[in-house]
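A structural walkthrough
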Amino acid sequence: MRFGYYPGCSQTGTAKEYDISLRKVIGKLGVSFDELDDWSCCGATSAHVTNHKLANALAMRNIALAGTQGIDNVVAPCAACYNRLVLSQYETMHHPEIKAETEELLSAKFTQDIKVMNVLELFMKIGLGKIIDNRKHELSDLNVACYYGCLLVRPAEITKFDDAEQPVSMEKIVEATGAKTVDWNYRVECCGAAHSIARRDIVIDLSKKIIDDAVDNGANVMVVACPMCHTNLDMRQRAMKRVYPGHKEFPVLYLSELIGLSLGMNEKELGIDLHYIDFKYDGNILKNTVA
Amino acid sequence: MKIGVFICHCGENISRTVDCPRVAHFCEGLPGVEYSIDYKYMCSDPGQKMIKDAIHEHKLDAIVVGSCSPNMHERTFRNAAVSAGINPFLVEIANLREHCSWVHDDVEAATEKAIELVRMAIEKVKRDKPLTKIKVPVTKRVLVIGGGIAGIQAALDVANAGYEVVLVEREPSIGGHMSQLSETFPTLDCSQCILTPRMVEVYQHPKIKLLTYSEVVKVEGFIGNFKATIKKKARHINEDLCSGCGLCITKCPTKKKAYNSFEEDLAFRPAIYVPFPQAVPNIPVIDETVCMYYKNGKCGMCVKVCDREAIDFEQKDTMLVADIGAIIVATGYKLYNIDKKTFDSKYKGYGEYGYGKYRDVIDGLQFERIASASGPTAGEIKRPSDGKEPKKIVFIQCVGSRDPSKGISYCSKICCMYTAKHAMLYKHKVHDGEAYVFYMDIRAGGKMYDEFVRRAIEEDQVKYIRGRVSRIYEENGKYIVKGEDTIAGVPVEIDADLVVLATAMIPHDNAPTLAQTIGIPYDRHGFFNEAHPKLRPVESTTAGVFLAGACQSPKDIPESVSMASAAASKAMILFASDTLEREPVVAKVNEDLCAGCFYCKKVCPFGAIEVKDITDVNGIVYKEVAYINQGVCQGCGTCTATCLSKSIELAGFNNEEIFAEIAAL
């Protein structure tokens, strides 16, 4: 099984470990990526809040690249990239005037139907059976809070993948690793996103509430599929401690890292050691360890 | 033939772009035209007098009026002609306003066109034949579909005027949603106290035949002459024998087997039940899906305790056919629910409010039952999950309504009022409780309505917050309601014990099916369409079918009742004479030419065409031809255009007349 791969800027910087772990995990599952050659910015935040034309053109440039490189499905692991690509594609393909305008800007023709996928769709497509079959450890003492954030499954009318308010796909994937999932309330709430830069106070409050609700509902680890969420929930915990002195550090993993652990890789291989909040996975403590 | 031509200026409406005197003058010289004149207002009294006088003076046989659309004044000019002794179908209208002056600005060209239009009308009127109105008999009996307050009111009005009524209700009892309500706004009088006397009156009325637990499955015929087929579902109780003692219900071993839908699923009922104590008729129904007898052939406890031997397990559905003159549709509404919907459903659920998984997030009708003295909590405000008295209630308005993203763009109209009532009832029963209302706008148009809302806010200290609720979730037995106060501009979070959603009013699932059965149009939501939104609000576009209550659009009780009385009087207007007159513009088959292909039967949108046998002198059928029921035919002309052998003619618009018009152009 081969998929096109659009890493996006985060995967090369703040979310390097997401990129590392994702590539390793899919390799273990017998899947490979064809990285888009010459990919560029998806147009997130700065472009789409200031100039629609620019935002559309940036995203559609990458879609057009996929077309010319013979790739018909593209995995965008970052939730923001995914959202930008899917939305721009929808806008462009549903409005002939936008399509004509963007095609002219890019000197390209959008003829193919390129399927853009997030990581949840990717693992669903690969098949949960593959994860279960390749599992080295059953992570049964992990109580996982699956955090979707705002962009991963929204807007549902366009992403047409999971329920926007009560999604279930990440839970299904996590349960395939043998871990338990907890029922909690902040699964699709906002983490504060790009306010991380200018209004850190907002991000700290919002992210603190998310972590607290996960803990209150019995989680001992959180899993995310978005570099921005991870930044706010992992990196900002230090600042959180200054505002809320009683705050206890809480580990936040990428979905690919959790799957990697169950496939038998260690923290270093998966890049978990790059996180601000340590997460030590001690295989000895875990029950039902398959050799 | 002597023809008179009358050209109207319509004030300046026509004369601004059409040179009316020139048109009139031109027509003077046309063959057959005896007299031609123009005038400022032909429809006015002097204008009509001018027509009548000209008919007498010049001994005219037919007239052409160049004026506004025939939709406006055709009847006026025909009546004027009739009073001067001319057949009304020898009057032709040339539409010089909508078809000419209003849509053009070049006077020269518009005048030329006006002349052409009048010339066409002259050629047609030369070939017009005098026609007489068709008379059809009327069955003076009304079918009322739906036994809620609208259906009850319509049935009583018609019956009290002395006409027969067949009232069909799908549920085991009449009463509808109104019987579920605790108190009514804006007076806070008890809903059942004002409704049940009407229900009893219906039951006792000698002119009303009440068919409960029944459904209309087929409607044939036309105004004054409908034939309705009604399925009477098997109650498994002999209605003539049952005394309504209720012993069977108390002894039924399946005590709490099924949800009680009258209590909005907040309570249970056994397999044999009456929906509520004041049910009319007070005759139980056996629910086959729950009854032990239908499961394993055992039990029969009800048979043992019934000393009148009224239980009849073998009873089957029966079909009744009734001759009907007019139909009043009053099937009401249901509430939208917030549950997760299928992907392709026209509605979307509220995942942000938990898709209905929280037991203490209820809808308006459920709160009515909780607040009702006859309800599952005997009128004490207790929440469904643990029966505790809620100390903090959040009411949310516009759940579904006015939210196109959930599939409902309209306002449900009654929610602002009943939410204020709910909050008030709660405060009257739980004095130390807090009530919050999230609203978008308060729409309290109606007599004493806004005063009622103010009373909730000012006297009962209900806290109104303008804003939407983004999320509800459960935390330690409380429901965290997160919303926004858009006036203060701050996020709001309330830990409520109970949340009441004012969910949208939507049509019943089978409303479109019923509309198709009766042959009436409905809108994209499934509400039945009125013939005209302002001037014909209780008539459907199908003659003889009237609408009442929330099946047409969301409505409160007084509006439903007014509409029901209006529909009843519309039906009674039909019954004021023994025969109905209708326009003779209907199609007729030339039986000698008809080849019996019946393409016409396939294309007729009104089902007016039947198969007729032609027999020889010995009574042997040698040919089948099309036959057009003059009572049903609406004169649309589809059959005429379809007929291969050109053997159908539409009276008033036959081929000769139409071709003469075209040739004159």
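Residues numbered from 1 in each chain as written. Chains lettered and ligands numbered in written order. Predicted model: local features only at pLDDT ≥ 70, side-chain atom pairs only at ≥ 80, totals over all residues.

1. Some words on the domain arrangement of chain B
Selection rule: Domain segmentation is taken from an automatic or database assignment of domains.
Domain assignment breaks chain B into domain 1 (3-127), domain 2 (141-233 + 317-333 + 507-575), domain 3 (247-305), domain 4 (334-506) and domain 5 (587-664). Of note, the centres of domain 2 of chain B and domain 5 of chain B, computed from C-alpha atoms alone, are 36 Å apart.

2. Details of unusual backbone geometry
Of all residues except glycine, most have a negative phi; of all peptide bonds, most are trans. This is how the line gets drawn: In this description a helix means any DSSP run of H or I spanning at least four residues, a strand means any run of E spanning at least two, and both kinds are numbered starting from the N terminus. To sort residues by burial, count the other C-beta atoms lying within 10 Å of each one's C-beta; a count of 20 or more means buried, 12 or fewer means exposed, and anything in between means partly exposed. C-beta atoms are built from the backbone.
Residue Pro155(A) follows Arg154(A) across a cis peptide bond; omega there is -10 degrees. Relative to the helices and strands, Pro155(A) resides in the loop between β5 (143-146) and α8 (156-159). Residue Val280(B) is joined to Pro281(B) through a cis peptide bond whose omega torsion reads 0 degrees. The backbone of Tyr355(B) sits at a positive phi, close to 50 degrees, despite the residue not being glycine. Structurally, the position occupied by Tyr355(B) is in the loop between β19 (334-335) and β20 (361-363). Note on Tyr355(B): 18 C-beta atoms within 10 Å, which makes it partly exposed. The phi dihedral of Gln461(B) is positive, around 50 degrees, even though this residue is not glycine. If you trace the backbone, Gln461(B) turns up in the loop between α12 (449-458) and β23 (463-466).

3. Some remarks on the interface of chain A and chain B
Rules: In this description, a residue-residue contact is defined by the distance between C-beta atoms placed from the backbone, which must lie within 7 Å. Residues are grouped as follows: Ala, Val, Leu, Ile, Met, Phe, Trp, Tyr, Cys and Pro are nonpolar; Asp, Glu, Lys and Arg are charged; all remaining types, including Gly, are polar.
Residue-level contacts link 5 residues of chain A with 5 residues of chain B. Here the side of chain A that touches chain B is composed, by residue class, of 1 nonpolar, 2 polar and 2 charged.

4. Side note on the confidence of the model for chain A
Quick note on the threshold: pLDDT measures how confident the predictor is about each residue, on a scale from 0 to 100.
Residue-level pLDDT values for chain A average 91, and 97% of them are 70 or greater. Below pLDDT 50 for its whole length, residues 284-291 of chain A participates in 13 contacts with residues either more than four positions away or in separate chains.

5. Quick look at the domain arrangement of chain A
Residues and elements named next belong to chain A. Its domain assignment divides chain A into domain 1 (2-119) and domain 2 (134-274). Summarising the inter-unit geometry, the C-alpha centres of domain 1 and domain 2 are found 23 Å apart. Between domain 1 and domain 2, the contact holds 23 residues from the first and 26 residues from the second. For the side of domain 1 that touches domain 2, the elements supplying multiple residues, two or more each, are α1 (16-28) and α4 (79-94). The dominant element in the side of domain 1 that touches domain 2, judged by the number of residues it contributes, is α1, at 9 residues.

6. Considerations on the environment of Tyr6(A)
All names here are of chain A. As for its placement among the helices and strands, Tyr6 is situated in the loop between β1 (2-5) and α1. Taking the number of C-beta atoms within 10 Å as the measure of exposure, Tyr6 has 26 and is therefore buried. For Tyr6 and Ala239, which are 233 residues apart along the polypeptide, the C-alpha to C-alpha distance reads 32 Å. Those residues in contact with Tyr6, other than ones at most four positions away along the chain, are Leu36, Trp39, Asn62, Val74, Val75, Ala76 and Cys81.

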